[in-house]
Amino acid sequence: MNHKGTKVAMGLMLLLVLLVSCGEKPPLRLTTIQRDQVDTLYLRAINKGGLAAEMDSLCQAKREIEIKILIDSMLQVRRAEEQALRDKYSK
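Note that the structure is a prediction, hence the values are computed from the model and not measured.

### Focus: the overall build of the chain
Assigned secondary structure in the chain consists of three helices and zero strands. Scanning the chain from its N terminus toward the C terminus, one meets helices and strands in the order α-α-α. For 91 residues, the compact-globule formula gives about 12 Å, and the C-alpha radius of gyration of the chain, at 35 Å, lies well above that figure. Taking the principal axes of its C-alpha atoms as reference, the chain extends roughly 115 × 40 × 20 Å. Counting only residues that meet the buried cut, the chain has 1% of its 91 residues in that class. A total accessible area of about 9,200 Å² is found for the chain, and carbon and sulfur atoms account for 64% of it.

Structure follows, in structure tokens:
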């Protein structure tokens, strides 16, 4: 083979290597043990900063507000029903 053919062959091989190496990498696959470790680290990070307790208190406050809204709504419906009955039977 002459030098020109060798250079062309080397160039094509280099181009092929570059094209293959630029492809998308497969998604990361964790083993069961690795997933357990990641979950443990995540839970430690949340509990360490008191984030879990803060989230619980926010959920509790939101729940109390929603319950008050539901109670008010039910009271309005019941008062309207009561008024309708009073109007019906007072005539």
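From this point, the discussion proceeds with the structure in view.
### Observations regarding the pattern of salt bridges
Under the defined criterion, the tally for this structure stands at three salt bridges. Across the pair Arg-86 and Glu-82 runs a salt bridge whose closest N-O atoms are separated by 2.5 Å. Placement of the pair is Arg-86 and Glu-82 together in helix H3 (residues 51-89), with a separation of four residues, close to one helical turn. Look at Arg-86 and you get partly exposed, because its relative accessible area is 49%. Owing to a relative accessible area of 39%, Glu-82 belongs among the partly exposed residues under this scheme.

### Quick look at the environment of Lys-91
Secondary-structure assignment places Lys-91 in the segment after H3. By relative accessible area, Lys-91 is classed as exposed at 86%.

### Some thoughts on the confidence of the model for the chain
In the predicted model, the chain carries a mean pLDDT of 84, and the fraction of residues at 70 or more is 91%. Across the chain, the secondary-structure element scoring lowest on mean pLDDT is helix H1 (residues 3-21), at 76, and the one scoring highest is H3, at 91.

### A short note on helix H2 (residues 32-48)
In this model H2 runs 24 Å from its N-terminal to its C-terminal C-alpha over 17 residues, within 8% of the 24 Å that 1.5 Å per residue would give. After H2 finishes, the residue Gly-50 shows a positive phi value of roughly 75 degrees.

### Overview of the environment of Gln-60
In this fold, Gln-60 is placed in helix H3. The class of Gln-60 is partly exposed, set by a relative accessible area of 41%. Residues Gln-60 and Glu-81, spaced 21 residues apart in sequence, show a C-alpha to C-alpha distance of 32 Å.

Rules behind the numbers
- Residues numbered from 1 in each chain as written.
- Predicted model: local features only at pLDDT ≥ 70, side-chain atom pairs only at ≥ 80, totals over all residues.
- Heavy atoms only, no water.
- Helix = DSSP H or I, 4+ residues; strand = E, 2+ residues; numbered from the N terminus.
- Rg over C-alpha atoms; globule rule 2.2 N^0.38 Å.
- Buried < 20%, exposed > 50% of the residue type's maximum accessible area, 1.4 Å probe, protein only.
- Areas by Shrake-Rupley, 256 points an atom, 1.4 Å probe, with all protein chains shown as cover.
- Salt bridge = Lys/Arg side-chain N within 4 Å of Asp/Glu carboxyl O.
- pLDDT = per-residue confidence, 0-100.
- Expected span 1.5 Å × (residues − 1).

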